[in-house]
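Coordinate analysis (summary)
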Amino acid sequence: MKNIDSNNHVQGKSIFVDDIPTISGTLFGTIFSSSIAHGKIIKLDISNASELDGVTAILTHIDIPGENQIGAIIQDEVLLAEDEVHFIGQPIALIIAESESISLKARELIEIDFEEYDPIVNVQDAKNNEHFILPPRSFKLGDISKVWEDCAFIFEGIAKSGGQEHLYLETQGSYAIPLENGNIKIFSSTQGPTVVQKIGARVLGISMNQIEVDVKRLGGAFGGKEDQATPWAVLSMLAVYHLQKPVKIILSRHDDIYMTGKRHPYETNYKIGFSEDLKMLAFEAEYLQNAGAAADLSPAITERTLFHSTNSYFIPNVRTTVYSCKTNLTPNTAFRGFGAPQAIFVIESAIKNAATQIGIPARELQEINMIVDNDSFPYGQIAKNVELKKIWKTAQDNFNFYKIEKEVCDFNDSNDNLKKGISFIPVTFGVSFTNTMMNHARALVHIYQDGSIGISTGAVEMGQSVNTKMIQVASHVFSVDSKRVKIESTNTTRVANTSPSAASSTADLNGKAVEKACNALLIRLKEVAGKKLQAEPESIDFKDELVITNQKDTTLTWEEIIWEAFASRVSLSESSHYSTPEINFDKSIEKGHPFAYHVYGLAITTATIDCLRGTHVIDSVRIVHDFGKSINQEIDNGQIEGALVQGVGWMTMEEIVHNNKGVLLSNALSNYKVPDIYSVPELVEIIPLETDGNENAILKSKAVGEPPFNYGIGIYFALQDAIYAFNSNYKYDFDAPMTPEKVLLGLYSK
Ligand code: LUZ
Ligand code: MOS
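Throughout, a residue's number is its position along its own chain's written sequence, starting from 1. The lettering of chains begins at A and the numbering of ligands begins at 1, in the order of writing. For a predicted model such as this one, the threshold for reporting local features is a pLDDT of at least 70, and the threshold for listing and counting side-chain atom pairs is 80 or more; totals across whole chains, interfaces and linings nevertheless cover every residue. Each side-chain value is derived from all of the structure's non-hydrogen atoms; neither hydrogens nor water enter the calculation.

It is worth spelling out the overall build of the protein at this point. Secondary structure elements are taken from DSSP: a helix is a run of H or I of four residues or more, a strand is a run of E of two residues or more, and numbering for both begins at the N terminus. For the protein, the helix and strand inventory stands at 19 helices and 30 strands. In terms of its C-alpha atoms, the protein occupies a principal-axis envelope of roughly 80 × 80 × 50 Å. Here's how the labels work: a residue is buried when its accessible area is under 20% of the maximum for its type, exposed when over 50%, partly exposed in between, all with a 1.4 Å probe on protein chains only. Looking at the protein as a whole, 60% of its 750 residues are labelled buried. The criterion used for residue contact is that any of the two residues' heavy atoms lie within 4.5 Å. Partitioning the intrachain contacts of the protein with sequence separation of at least 6 by distance along the chain shows that 79% fall at a separation of at least 24. For the protein, the accessible surface area stands at approximately 28,900 Å², while carbon and sulfur atoms represent 49% of it. Shrake-Rupley sampling with a 1.4 Å probe provides the accessible areas, and residues are treated as covered by the protein chains on show and by no other component.

Here it is in structure tokens:
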């Protein structure tokens with residue numbers, strides 16, 4: 001089944017927040033924000049701006065009726081600055097005007113004076129000053145203190161990875177409309193409708209049932225709208241509260257890049273130890289995460305870093321610690337992978353460093369140390385149904401990687417100015433929100449009298465095709481044509497208390513709820529059909545829009561049985577709740593079983609460097625991926641391709657740069673390079689692993705959103721390999737992204 005939105009998307013007919021026809025009288029909002037990274041507001045003068053023709057209101061923190069507080073995990077972030085500012089782009093005032101252009105003009109007329117303080121921009125300074133979001137947190141396995149003396153090889157180093165701009169095609173936006181009795185309806189481009197509802201109620205001092213959040217779809221999100229859609233939504237509701245007029249806020253691309261947080265940059269010291277026979281014995285890492293000026297989702301992200309610190313390897317003695325460093329940057333936030341890619345980059349850097357110094361391919365260390373069934377992850381979960389060995393074998397059978405390795409060698413022997421490199425990246429990714437409490441979802445299924453079906457869930461469609469998958473689940477359970485099924489918008493009045501669409505878990509959680517609701521309806525329909533056909537309900541089934549009894553077709557159609565049920569006064573609606581079984585985590589000992597299952601995979605990357613220019617092409621990325629039993633291979637392959645290219649961008653070209661005043665220099669697409677069609681590998685081959693899938697995945701089709709992002713990490717090590725082939729003096733350093741400039745410096749370093 002194709003993505004149900006694809007035709008409308010390419011014709012520009014799909015509706016996003018800014019496409020919703022505006023009601024007459026709609027006002028438009030623009031945010032006035034801090035131009036310094038740290039300081040005190042001495043004077044804020046809005047008088048000139050207020051007098052501009054067409055300006056309706058300028059709201060500041062004093063206009064907030066409830067709490068000036070938008071922090072979700074930790075309440076440490078104001079919606080509008082009071083007397084201090086803590087990052088550039090921090091909202092200070094909201095300008096409401098009759099048109100967007102007037103609000104933009106008014107923004108120029110606001111006058112502000114600051115007393116400037118020295119900002120903290122980098123993690124080292126934050127750590128030295130003990131500027132943390134939370135106290136550091138550690139995971140431990142075995143006994144790291146004694147094991148170093150047993151190691152035959154020990155390697156230490158630093159690995160750094162940079163930030164990343166989400167660059168969703170649709171910028172942040174919201175459109176809030178006043179209803180009667182102080183109630184508000186809001187269309188928000190958010191991954192978390194309930195987050196918007198809850199924080200909105202807190203800031204306005206009203207109750208959650210007074211706010212109805214509706215989400216049709218997002219034009220991409222990638223984590224950037226999990227928590228950071230909230231401020232703009234709440235600001236538009238604040239204006240509605242005061243003005244009782246519809247208010248729309250759509251961030252310009254520049255404001256979006258300037259005001260929203262990004263992937264967390266990390267700097268990590270690591271130490272890894274091996275036995276004589278190259279078994280990993282010990283791993284220690286100290287991650288410094290640049291959280292920015294407020295917690296946002298950083299505490300959850302630190303957690304996922306710790307959960308993925310050993311990637312696909314069993315290491316009996318581990319101690320990993322994350323310092324979530326508070327700096328004067330825009331609070332960084334969720335981004336596809338959620339701290340796991342940063343951790344995987346570190347352990348893979350450690351392995352590459354070790355392999356280089358030992359003088360063997362990294363692949364050998366990876367193979368020797370792969371996690372197998374009944375090994376323990378550092379957080380206590382016992383590995384089950386590990387697919388890595390099978391994946392390795394599938395890769396060998398399909399790709400003949402020894403031959404590819406040899407081709408790379410042969411090429412390098414016979415070329416002077418072009419050099420090739422190769423890398424392997426195995427991936428083990430835990431699926432579930434690491435916060436156990438969040439792993440549940442609801443669905444509301446209506447069958448209408450004519451046999452058509454309407455479904456509401458908590459899932460937000462953001463291009464990942466979750467709506468298409470929900471249709472597949474319902475049409476599978478009922479055995480009806482998928483055209484009968486419509487997915488409604490995600491709306492807090494139909495499905496309440498939703499977790500954000502995140503953690504790769506949306507199709508699993510919401511799909512299971514849909515499956516449950518459909519099965520409950522099916523039981524009722526079987527009874528109705530049994531009565532009608534004078535057969536036992538257990539002998540009834542539905543197949544291709546027909547009722548069957550004891551495996552034989554009848555002439556009774558889906559539509560007839562639905563009418564029969566309605567006429568017999570049987571309910572054709574069902575609301576179901578699903579919560580992931582068995583998962584748990586005890587933070588007091590940092591042990592438990594947090595993940596419903598793991599997704600496994602392997603990417604083999606080859607690239608060619610032009611050694612005169614420092615440029616490269618990615619020749620191939622060959623992937624074996626554990627989809628479980630995919631319910632939609634085309635959509636899932638699309639997720640792999642998109643994630644791969646996004647990962648490649650993070651590793652090779654996307655370079656977030658701040659100066660020492662905390663000013664974002666990479667603030668536009670002219671100075672921040674993102675992957676385009678030329679960055680796509682010449683060959684992407686994806687082999688689905690043959691496997692039974694997992695019962696905790698929706699129809700055994702495993703989560704696919706985030707795990708393949710990590711395949712992009714492979715290009716970093718393939719480029720290093722090629723640099724070394726040209727320059728044997730090259731000193732491996734692990735500092736992503738590997739931009740063409742860094743490649744060139746590596747090629748000619750002495
Ligand atoms: N969001 C979240 C996530 O709140 N918890 C998670 O564990 C998570 N994991 C990945 C992406 N978003
Ligand atoms: Mo996400 S990084 O699953 O919002």
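Now that the structure has been shown, we can carry on.
Bringing the packing of aromatic side chains into the picture now. Pairing of aromatic side chains requires ring centres within 6.5 Å, counting the rings of Phe and Tyr and the six-membered ring of Trp. Pairs whose planes differ by under 30 degrees are stacked, by over 60 edge-to-face, and all others tilted. Evaluated as defined, the whole model comprises 27 aromatic pairs. Here the aromatic rings of Phe542 and Trp558 are separated by 5.8 Å at their centres, their planes lie at 80 degrees, and the arrangement is edge-to-face. Here the residue Phe542 occupies a position in strand E21 (residues 540-543), and Trp558 occupies one in helix H16 (residues 558-567), the gap between them amounting to 16 residues. Between Tyr724 and Tyr732 the ring centres are 5.7 Å apart and the planes differ by 35 degrees, which places this aromatic pair in the tilted class. Feature note: the residues Phe345, Tyr716, Phe717, Tyr724, Tyr730, Tyr732 and Phe734 constitute an aromatic cluster, connected by ring pairs. Directly above the ring of Tyr323 sits Lys127, whose terminal nitrogen or CZ lies 4.8 Å from the centroid. Lys225 extends its terminal NZ or CZ atom over the ring of Tyr168, reaching a point 4.5 Å from the ring centre. The rule for a charge over a ring is simple: NZ of Lys or CZ of Arg within 6 Å of the ring centre, and within 35 degrees of the ring normal.

Turning our attention to the domain arrangement of the protein. Taken domain by domain, the protein consists of domain 1 (6-117 + 166-259), domain 2 (266-433 + 588-747) and domain 3 (440-579). Between the C-alpha centres of domain 1 and domain 3 there is a distance of 37 Å. The buried area of a pairing is the accessible area, by a 1.4 Å probe, that goes missing from both parts when the two are put together, added over both. Here domain 1 meets domain 3 over a buried area of about 1,400 Å², counting both sides, of which 51% is carbon and sulfur. On the domain 1 side of the interface with domain 3, the three residues burying the most area are Gln191, Thr194 and Lys216, jointly 32% of the side's total. Within this document, salt bridges are pairs made up of a side-chain nitrogen of Lys or Arg and a carboxyl oxygen of Asp or Glu, the two lying within 4 Å of each other. A salt bridge links Arg494 to Asp214, with the shortest nitrogen-to-oxygen separation between them at 3.8 Å. Counting of polar contacts relies on pairs of N or O atoms within 3.5 Å, with two restrictions inside protein: one atom must be capable of donating a hydrogen and the other of accepting it, and residues adjacent in sequence are counted only when both atoms are side-chain atoms. Summed over the shared surface of domain 1 and domain 3, the result is nine residue pairs in polar contact (both at pLDDT 80 or more). Element by element, the count of residues in the side of domain 1 that touches domain 3 is highest for strand E11 (residues 211-215), at five residues. In this classification, the charged set is Asp, Glu, Lys and Arg, the nonpolar set is Ala, Val, Leu, Ile, Met, Phe, Trp, Tyr, Cys and Pro, and all remaining amino acids, among them Gly, are polar. A breakdown of the residues in the side of domain 1 that touches domain 3 according to their chemical character gives seven nonpolar, six polar and five charged. Residue ranges labeled as domains rest on an automatic or database domain assignment.

By size, the foremost hydrophobic cluster in this structure holds 96 residues, and its most contacted members are Phe283 and Phe345. Here this core takes 10 residues from helix H10 (residues 340-358), the largest share from any one element. Setting aside chain neighbours within four positions, we find Phe345 in contact with Ala159, Lys160, Ser161, Met651, Ile713, Tyr716, Phe717, Phe734, Asp735 and Ala736. Only buried residues count toward a nonpolar core. Its members are Ala, Val, Leu, Ile, Met, Phe, Trp, Tyr and Cys residues joined through side-chain atoms within 4.5 Å.

Our next topic: the pattern of salt bridges. On inspection of all chains with the given rule, the structure shows 37 salt bridges. In this structure, Lys225 and Glu170 form a salt bridge, with 3.2 Å as the shortest nitrogen-oxygen distance. Of this pair, Lys225 sits in the loop between E11 and helix H7 (230-243) while Glu170 sits in the loop between strand E8 (153-161) and strand E9 (173-178), and the two are 55 residues apart along the sequence. The burial state of Lys225 is the same as that of Glu170; both residues are buried. Across the pair Glu387 and Lys390 runs a salt bridge whose closest N-O atoms are separated by 3.6 Å. When salt bridges with common partners are traced through the structure, they connect Arg137, Glu303, Lys587 and Glu590 into a single cluster.

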